[in-house]
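# Descriptive structure summary
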Amino acid sequence: MDAAALEREGLAAVASAATPEELDGVRVEYLGRKSTLKLALRDVRDRESGLELNAIRERLEEAVEAREDELRSAVLDRRLTEEVLDVTLPGEERHLGTLHPTTLTRRVIEDAFLGLGYEVIDDREVETVHYNFDQLAFGPAHPSRSHRDTFFLDPERLLRTETSPSQIHVMEAKKPPIYMVSLGRVYRRDEITATRFPIFHQFEGLAVDRNITLADLKGTLLHVMRTLFGEHRQVRFRTHYFPFTEPSLEPDVSCPICEMEGCRTCKYTGWIELGGAGMVDPRVFSNVGIDPEEWTGFAFGCGIERAAQLRHGIPEIRPFWENDLRVLRQF
Ligand SMILES: [Zn+2]
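Residues numbered from 1 in each chain as written. Predicted model: local features only at pLDDT ≥ 70, side-chain atom pairs only at ≥ 80, totals over all residues. Heavy atoms only, no water.

### Side note on the overall build of the chain
Within the chain, the regular secondary structure consists of 12 helices and 10 strands. Along the first, second and third principal axes, the C-alpha set of the chain runs to 120 × 45 × 40 Å. Per-residue burial over the chain gives 43% buried out of 331 residues. Sequence separation of 24 or more characterises 65% of the internal contacts of the chain that already satisfy a separation of 6 or more. As displayed, the chain has an accessible area near 19000 Å², and 51% of this comes from carbon and sulfur atoms. Counting 42 positive and 57 negative side-chain charges, the chain places the averaged centre of each group 3 Å from the other. (Helix = DSSP H or I, 4+ residues; strand = E, 2+ residues; numbered from the N terminus. Buried < 20%, exposed > 50% of the residue type's maximum accessible area, 1.4 Å probe, protein only. Contact = heavy atoms within 4.5 Å. Areas by Shrake-Rupley, 256 points an atom, 1.4 Å probe, with all protein chains shown as cover. Lys, Arg positive; Asp, Glu negative; His and termini not counted. Charge placed at Lys NZ, Arg CZ, Asp CG, Glu CD.)

What follows is the structure, encoded as structure tokens:
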């Protein structure tokens, strides 16, 4: 073997390697275990040729290392010029999940009641006729009892039509004084329209204590409405009829959209109807074993979507159930 020729050939190969991969190939060919040089070193017989071959090996190794450094920095240089990061380009927008407007409004309502010392209840959605109608003093011929208005699972069980059965469960389980608010889904057989949907959310408050009056009801509603719709809201009552309250009232809240100037949402009256309210009928107390001579109370309920519509100026109820991200991302 011509050692000098081998060295020249090896050095030339190292110099012409254009990429780190090519250089690896050269390293294996000239310095690898089966390379001519390694095989010659293994067979070497005299000290002189051993020294010479080792010197060639060292020079080749140095050349490979030097070339390796060159190629690495060349690769780096190329990447630095090719992969330019333009910090002035607009970033890639990522959407974080947001809470549903119903959930947002529900939490505002919960906070308002928690601030008043109320207990927050999340009750069952499948109810019995007994709790959904009988205990709430719905007459035997009340239209809500029909299959046309209510989703029955069997003759005795149904999807609750309001959150009011929670009041009965709580009054059966606890002694007064009671301050509770129940929030959750309710179901009614309604055609889907701009303002109606067969599922919606309600919140319903109940207070039972000694000497509770309409003034307490009005003060509580005022607090909740102001928390929901702003500090300047007013509340007024119109008489109405509900089975489980006497007297029964429909609260109106001053229109948060037009500040009582008159707009389409409030039908140019300056007031918005918002749920139902009233003093708890003594018969309801008697049904659950609370003495109506000693205790009085009020109850009121309202749709949560309705409140969310007013808070966020959403004209229809349908978007609340359509899961359209273009809509939901606005909250
Ligand atoms: Zn208005």
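### Overview of the coordination of the zinc ion
Every protein donor of the zinc ion is accounted for by Cys 255 (SG), Cys 258 (SG), Cys 263 (SG) and Cys 266 (SG), and the metal-donor separations fall at 2.2 to 2.3 Å. Around the zinc ion sit 4 donor atoms, and with donor-metal-donor angles ranging over 105 to 117° the site reads as tetrahedral. (Donors = N, O, S within 2.8 Å, 3.2 Å for Na, K, Ca; no water. Tetrahedral: all angles 85-135°; square planar, octahedral: opposite > 155°, others 65-115°.)

### Notes on the pattern of salt bridges
Side-chain pairs of opposite charge can arise where the charged atoms are in close proximity. Summed over the entire model, instances satisfying the criterion amount to 24 salt bridges. In this structure, Arg 283 engages Asp 281 in a salt bridge whose closest nitrogen and oxygen atoms are separated by 3.1 Å. By sharing partners, the salt bridges in this structure join Asp 24, Arg 27, Glu 68 and Arg 72 into a single network. (Salt bridge = Lys/Arg side-chain N within 4 Å of Asp/Glu carboxyl O.)

### Looking at the nonpolar core
In terms of nonpolar packing, the biggest core is built from 32 residues, with Phe 113, Phe 203, Phe 229, Leu 274, Phe 298 and Phe 300 touching the most fellow members. Those elements that place two or more of their residues in this core are α5 (101–115), β4 (178–187), β5 (199–209), α8 (214–229), β7 (245–254), β9 (276–280), β10 (296–303) and α10 (304–312). Considering each element in turn, this core owes the most residues, 6 residues, to α8. Excluding its chain neighbours within four sequence positions, the residues that come into contact with Phe 298 are Tyr 118, Gly 205, Leu 206, Ala 207, Ile 212, Thr 213, Asp 216, Leu 217, Thr 220, Gly 278, Met 279 and Val 280. With 24 residues, the next largest nonpolar core counts Ile 121, Phe 138, Val 170 and Trp 295 among its residues. (Core = buried A, V, L, I, M, F, W, Y, C linked by side-chain atoms within 4.5 Å.)

### Observations regarding the packing of aromatic side chains
Per the stated rule, a full pass over the model turns up 9 aromatic pairs. On the numbers, 6.5 Å between centres and 85° between planes, the contact of Phe 203 with Phe 300 is edge-to-face. One end of the pair, Phe 203, is in strand β5; the other, Phe 300, is in strand β10, and 97 residues separate them in sequence. Since its relative accessible area comes to 0%, Phe 203 is described here as buried. Among the residues examined, Phe 300 registers a relative accessible area of 3% and is labelled buried. (Phe/Tyr/Trp six-rings, centres within 6.5 Å; stacked < 30°, edge-to-face > 60°.)

### Here we look at the pairing of β10
Of all 8 residues in β10, 7 are buried; the element is thus mostly enclosed. Pairing geometry for β5 and β10, over 8 bridges, is antiparallel. Bridge pairing in β10 places Asp 209 opposite Thr 296. When β9 meets β10, the two strands line up antiparallel, connected through 4 bridges. What sits directly across from Gly 276, in β10, is Gly 301. (Pairing = 2+ DSSP bridges.)

### A short note on the side chain of Ser 182
Within the element layout of this structure, Ser 182 appears in strand β4. Look at Ser 182 and you get buried, because its relative accessible area is 0%. Once you skip the residues sitting within four places of it in the chain, Ser 182 turns out to touch Ile 121, Asp 123, Thr 163, Ser 166, Gln 202, Phe 203 and Glu 204.

### Focus on unusual backbone geometry
Looking along the chain, the bond that leaves Pro 176 and enters Pro 177 is cis, with omega of 0°. Tracing the backbone through its elements, the reader meets Pro 177 in the loop between α7 (165–173) and β4. Omega for the peptide link from Glu 246 to Pro 247 comes to 0°, which places this bond in the cis form. Position of Pro 247 among the secondary structure elements: in strand β7. Its identity is not glycine, yet Asn 323 carries a phi of approximately 55°, on the positive side.

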